[in-house]
Amino acid sequence: MFQTSVLVSGSKGNSVLVRTENSALLLDAGVSAKKLFAAMETLGVSRHEIKAIIVSHEHSDHTRSAGALSRLLKVPIYLNEETHEYCAHKLGSLSVPTCFFETGESFYVGDIVVHPFSSSHDAADSCNFTFSKDDCSDLKLGVAMDLGFPTQLCIAKLKNCSSLVLESNHDERMLMEGPYDWPLKQRIKSTRGHLSNIQAVGVVSQVLHYELKHIILAHLSEINNDPALAYETMQNYLTSVRSDAKLFVASQYQNTPLFSI
């Protein structure tokens with residue numbers, strides 16, 4: 001068993017579950033512990049399966065309940081030292097020692113191999129991730145959110161994924177014609193901001209292969225995007241290249257099903 005679910009994703013909070021028969025972890029905890037526990041309950045996943053919480057970067061939509069979850073579940077938080085420097089005050093006093101990883105170096109949570117790599121985002125040392133199972137190297141989950149630009153490193157790491165959670169934050173026209181002030185629009189569009197629907201297609205076009213089973217679009221803006229538009233933009237591309245990859249859109253308010261990675 002090697003499964004994932006996007007428990008919640010959007011501008012207001014993000015969290016991804018990765019699970020095997022022996023271990024489970026949360027990548028980010030950007031909404032309340034109560035909401036995350038409720039999402040896991042709908043999936044039939046016990047909170048007691050969680051062995052670790054991984055923090056990708058210090059922004060609140062990824063860290064909001066990380067400290068509380070660590071205290072409630074008595075599990076460690078994994079993050080890099082620069083991220084810790086910027087968010088230690090948000091985590092509060094922890095009863096389990098914090099675990100530090102080096103960006104670019106893999107580590108284990110039970111039988112899950114976690115590989116963090118740098119993402120182009122306006123945070124201290126923001127990371128994207130791949131996850132694989134110790135005894136099943138042909139299966140790989142890629143999670144790439146909060147990146148303004150898909151670097152060559154990012155593309156290289158996301159190749160050969162069997163499942164992919166990918167940011168599709170905004171529609172460029174909706175962003176530019178929307179209510180945000182100009183500096184915020186510029187931040188979102190910058191190489192350290194967020195991927196647009198079209199940029200997400202560009203990423204998939206470079207990493208798509210026959211064994212990619214699931215693509216889950218994530219971190220959609222409620223103001224500058226529409227789930228149907230994000231889906232249509234990506235599905236049109238997948239149809240044009242006759243891909244059999246199944247496409248889903250993650251929600252701020254409802255978890256995805258459990259997908260077999």
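As shown above, the structure is provided for reference.
Starting from 1, residues in each chain are numbered consecutively following that chain's sequence as written. Local features are withheld for residues below a pLDDT of 70 in this predicted model, meaning they are given only at 70 or higher, and side-chain atom pairs are given and counted only at 80 or more; totals for whole chains, interfaces and linings count all residues. Here the side-chain values reflect all heavy atoms present in the structure, with hydrogen atoms and water set aside.

(A) Structural context of the packing of helix H8 (residues 197–207) against helix H9 (residues 227–240). To obtain each axis, a line is fitted to C-alpha atoms, and for helices this fit is confined to the stretch in contact; angles are then taken between N-to-C directions over 0 to 180 degrees. Strands are runs of DSSP state E lasting at least two residues, helices are runs of H or I lasting at least four, and both sets are numbered from the N terminus onward. Axis separation between H8 and H9 bottoms out at 9 Å; the angle between their running directions is 30 degrees. By the criterion of interaxial angle, the relationship of H8 to H9 is roughly parallel. Along this stretch, H8 crosses H9, giving a crossing that reads as right-handed. For the pair formed by H8 and H9, the contact residues are Asn-197, Ile-198, Ala-200, Val-201, Val-204 and Ser-205 on the first element and Leu-229, Ala-230, Thr-233, Met-234, Tyr-237 and Leu-238 on the second. An angle counts as roughly parallel when it lies under 35 degrees, as roughly antiparallel when it exceeds 145, as roughly perpendicular when it falls between 65 and 115, and as oblique in every other case. For any helix crossing, the convention is left-handed if the near helix is rotated counterclockwise from the far helix by under a right angle, and right-handed if that rotation is clockwise. Residue contacts are counted whenever heavy atoms from the two residues lie within 4.5 Å of one another.

(B) Representation of the sheet that holds strand S12 (residues 214–218) in the model. Strand order in the open sheet formed by seven strands is S7-S8-S9-S10-S11-S12-S13, with mixed pairing between adjacent strands. Both edges of this open sheet fall to strand S7 (107–109) and strand S13 (246–249), since each of them pairs with a single strand only. Adjacent strand axes in the sheet meet at a mean angle of 25 degrees when their direction is disregarded. Here a strand pair is declared whenever DSSP counts at least two bridges between the two strands. Both strand S11 (residues 163–167) and S12 contribute to a ladder of five bridges, which runs parallel. Note that in S12 the partner of Glu-167 across the bridge is Ala-218. Contacts between H8 and the sheet are confined to S11 and S12, with S11 contributing the most and set at about 155 degrees to the helix. The sheet contacts of H9 involve S11, S12 and S13, and relative to S13 the element is tilted by about 165 degrees.

Spatial relationships are all this shows, so hold off on functional conclusions.
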